[in-house]
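So the chains spell out like this:
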Amino acid sequence: MSHMLIELYTATPAWTALDPVSRGAFFARIGAGMQHVDPARITPVAMGRIEQDVPHTTAEQFYAVWQCAERLDADALLAAIGATGWHEYFTTTHAVGAAGTLQQHLAELAALPRG
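Residues numbered from 1 in each chain as written. Predicted model: local features only at pLDDT ≥ 70, side-chain atom pairs only at ≥ 80, totals over all residues. Heavy atoms only, no water.

- As recorded by an unreviewed UniProt entry, the protein carries the name DUF6616 family protein and is attributed to Stenotrophomonas bentonitica.

See below:
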């Protein structure tokens, strides 16, 4: 079953301290690491800066959304991201879940026990 991986992230002081050459070297590591990701199984959907002028926004600066063929692919992508050293430079929140329809999601919400 298809899964979505959503990342929310913010640059750390370690990132902002890097000079342009070091940042370029890091991006090269990311590119090399992504060579091991199967594009038929893991697809980037969207990435960008989070707009802060919307109600109930998050404090994170950036987002990325990936579609993965199944949960194992999402796990492999998370491992590949971690192996690049990403978390040294960006604090990151991950959310992974099976892709579903609006009706399925509303049913999940309706089924929550009363508290």
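**Side note on the pattern of salt bridges**
Any two side chains of opposite charge can pair if their charged atoms end up close together.
Right, so step 1: Per the stated rule, a full pass over the model turns up three salt bridges.
Right, so step 2: Between Arg-41 and Asp-73 there is a salt bridge; the shortest N-O distance is 2.8 Å. One end of the pair, Arg-41, is in the loop between α2 (20-34) and β2 (42-49); the other, Asp-73, is in helix α3 (residues 71-83), and 32 residues separate them in sequence.
Right, so step 3: On the accessibility criterion, Arg-41 (30% relative accessible area) is partly exposed.
Right, so step 4: Residue Asp-73 is classed as buried on the basis of its relative accessible area of 10%.
Right, so step 5: Asp-75 is the salt-bridge partner of Arg-71, the closest N and O atoms lying 2.8 Å from each other. (Salt bridge = Lys/Arg side-chain N within 4 Å of Asp/Glu carboxyl O. Helix = DSSP H or I, 4+ residues; strand = E, 2+ residues; numbered from the N terminus. Buried < 20%, exposed > 50% of the residue type's maximum accessible area, 1.4 Å probe, protein only.)

**Notes on the sheet that holds strand β3 (residues 62-68)**
Right, so step 1: One open sheet accounts for four strands, arranged β2-β3-β1-β4; its pairing is antiparallel. Each end of this open sheet is capped by a strand with a single partner; those strands are β2 and β4 (90-98). Each adjacent strand pair in this sheet contributes to an overall mean axis angle of 15°, direction not counted.
Right, so step 2: Taken together, the seven bridges between β2 and β3 define a ladder with antiparallel strand orientation. Note on β3: the bridge partner recorded for Gly-48 is Tyr-63. (Pairing = 2+ DSSP bridges. Axes fitted to C-alpha atoms, helices over the stretch in contact; angles between N-to-C directions.)

**Brief notes about unusual backbone geometry**
Right, so step 1: Despite not being glycine, His-56 has its phi angle at roughly 60°, a positive value.
Right, so step 2: Turning to its location among the elements, His-56 is positioned in the loop between β2 and β3.
Right, so step 3: Judged by relative accessible area, His-56 falls into the exposed class, the value being 82%.

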